[in-house]
Amino acid sequence: MAWFDAAGNDVAALARHLVGVPSAYPPGDTHLMADAVAQAIADVPEIEVERYCTLPHVTNLVLRLRGNRPGRRLVFNGHMDTFPLVNASRWTADPAGEERNGRLYGLGVSDMKGGIAAILTAMRFLAGHRDLFHGEVVATFVGDEESMGTEGTQWLLENVPHARGDAMISADTGSPYVLRFGEKGMVWLSLLAEGKSAHAAHVHRGDSAIEKLIDVVNELKSLRDFPVQAIPEVVASIDASSVVSEASSGAGESEVLKNVTVTFGTIRGGTLSNLVADQAEATADVRIPVGVAAVAIEARVREIVARHSGVSVNVARRYEPNWTDPQHPVIRSLVSNCEAVLETTPAVNMRVGASDARLYRYAGVPAVVCGLTSYNMGSADEHVDVDELRALAKVFALTALDFLNLPAQ
């Protein structure tokens, strides 16, 4: 702990520097950010740096640090791309980074350049104390998480053997007070209704695509009552975490995590108010809890749409719900060290949003999200708490030492 508190090891200064490097998606160019990350640990020769450019605008980094002898591999994961800057005139702080009153402001500081800084600081400490752990620590910093990770985390998992490990900790936005062991699945739908145009005065000659679409939308709401084959340990964790988790994520989160949700994001159709619409379209986001398969949701959707002549559906994107045993050793280690550093026991819960942790779980790697509490994420004056940022770096270093030194299974 003395090392982390010493002058010259300020994780907040590093996070502020990284925030100042543009890497918004779109356009998504992460080359400069990758350069900044590599430069941040260029004076630590024990950390090997590999660079993988998978698209003209996407650079991914893999950092590798070996311990005193072979053993387990712990992976830290983070993404270098951010949301674009919106409502610039509403910012009272510098979007390129500003620290004041114990807060660090800046675009992407919570999602997730602060988390990257915490990982780098922990690895710098571990590089100077390789005698304290076996195995190795790997950090995968990717360039396309905001665009679903196919050319970032997914590519690394498929092409770089040491991007996989015995466990993975994601520093994506969240909270060290609520560790996230799983995520809901998702199905994105595009609905298209076709009818026949006619003047409103001759409505009997037309066939309204808008009314067809509305009928389908109303019936798709029934997905919210889709039966869930609940998994006891998942439900137990959600319920046990409810009070702590909902304090930061909002009342109702627990029910959202246990049930299917349907959100109709866009709807449009028609040309004029006095013309029967010959075409209308809508999009929907269906989120699936553990205990429901995406294929079952898709089958129900197609069954509903088939009852409505002139309406078709396309599944634009899908992925399954995923989770890691809440009692996995890496999660137990995180809980113990969050407790020691933050002096409070964190909750262990599912996550309502998506992260690259799901890609690790699909690859068979136990994964958990432990990031910074976000304030105004994606909006004006996005910021994090500086003390929490410093604490997160300590938690990461201690957890690496604990997990890598566990007895072999």
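Just above sits the structure.
Let me begin by describing the structure that accompanies this report.

Criteria and thresholds
- Sequence order as written defines the numbering, with residues in each chain counted from 1.
- Confidence filtering applies because this is a predicted model: local features only for residues at pLDDT of at least 70, side-chain atom pairs given and counted only at 80 or more, and all residues used for totals across whole chains, interfaces and linings.
- Excluding hydrogens and water, the side-chain values take into account all heavy atoms of the structure.
- Helix and strand definitions here come from DSSP, where helices need a minimum of 4 consecutive H or I residues and strands a minimum of 2 consecutive E residues; each element is numbered from the N-terminal end.
- Under the scheme applied here, a residue whose accessible area is under 20% of the maximum for its type counts as buried, over 50% as exposed, and between as partly exposed, the area being computed with a 1.4 Å probe on protein chains only.
- The working definition used for a salt bridge is a side-chain nitrogen of Lys or Arg within 4 Å of a carboxyl oxygen of Asp or Glu.
- Think of a 1 Å grid over just the protein atoms. A cavity is a set of points where a 1.4 Å probe fits yet cannot get out, a pocket is an open set with protein on both sides within 12 Å along at least five of seven lines, and lining residues have an atom within 4 Å of a point.
- Grid points are joined across faces, edges and corners, and a volume is the space filled by probe spheres set on the points.
- In this classification, the charged set is Asp, Glu, Lys and Arg, the nonpolar set is Ala, Val, Leu, Ile, Met, Phe, Trp, Tyr, Cys and Pro, and all remaining amino acids, among them Gly, are polar.
- What qualifies as a polar contact is a pair of N or O atoms within 3.5 Å, subject to a donor-acceptor requirement within protein and to the restriction that residues adjacent in sequence count only when both atoms come from side chains.
- It only takes one pair of heavy atoms within 4.5 Å for two residues to be counted as in contact.
- Throughout, the bend at a residue refers to the angle made by two axes, fitted to the seven residues ending there and to the seven starting there.

Overview of unusual backbone geometry
Following Asp111, the chain continues into Met112 via a peptide bond in cis, with omega recorded as -5 degrees. Here Met112 shows up in helix α4 (residues 109-127). Positive phi, normally seen in glycine, also occurs at Asn87, with a value near 50 degrees. Tracing the sequence through the fold places Asn87 in the loop between β3 (73-79) and β4 (98-100). Of note in this structure, Asn101 is not a glycine but carries a positive phi near 55 degrees. One can find Asn101 in the loop between β4 and β5 (103-105). For Asn101, a relative accessible area of 76% gives the class exposed.

Concerning the pattern of salt bridges
Counted by the stated rule, this structure contains 22 salt bridges. Where Arg100 meets Glu98, a salt bridge forms, and the shortest distance between an N and an O atom there is 3.0 Å. Exposure remark for Arg100: the relative accessible area of 27% places this residue in the partly exposed category. When the shortest N-O distance is used, the salt bridge between Asp285 and Arg287 registers 2.7 Å. Bridged by salt links that share partners, the residues Glu48, Arg64, Arg66, Arg73 and Glu136 form one connected network.

Structural notes on the layout of surface pockets
If you add up the space inside the largest pocket, you get close to 670 Å³. If you go around the largest pocket, you meet 27 residues; those closest to its centre are Thr173, Arg351, Gly353, Ala354 and Met377. For the lining of the largest pocket, the class distribution of residues is eight nonpolar, nine polar and 10 charged.

A word on the side chain of Ser170
Along the polypeptide, Ser170 turns up in strand β7 (residues 167-170). Given a relative accessible area of 1%, Ser170 falls into the buried group. Separated by 3.2 Å, the side chain of Ser170 and the backbone nitrogen of Asp172 make a polar contact. Here Ser170 is in contact with Asn77, Val368, Val369, Cys370 and Gly371, once residues within four sequence places are set aside.

So, helix α7 (residues 232-249)
Bending of α7 peaks at approximately 65 degrees at the position of Ser242. When α7 is considered as a whole, its buried residues turn out to be Val234, Ser237, Ile238, Ser241, Ser242, Ser245 and Glu246. Against β8 (178-183), α8 (253-258), β15 (322-323) and β16 (347-351) lie the buried residues of α7. Backbone geometry just downstream of α7 places Gly250 in the positive-phi region, at approximately 100 degrees.

On their own, these measurements won't tell you what the molecule is for.
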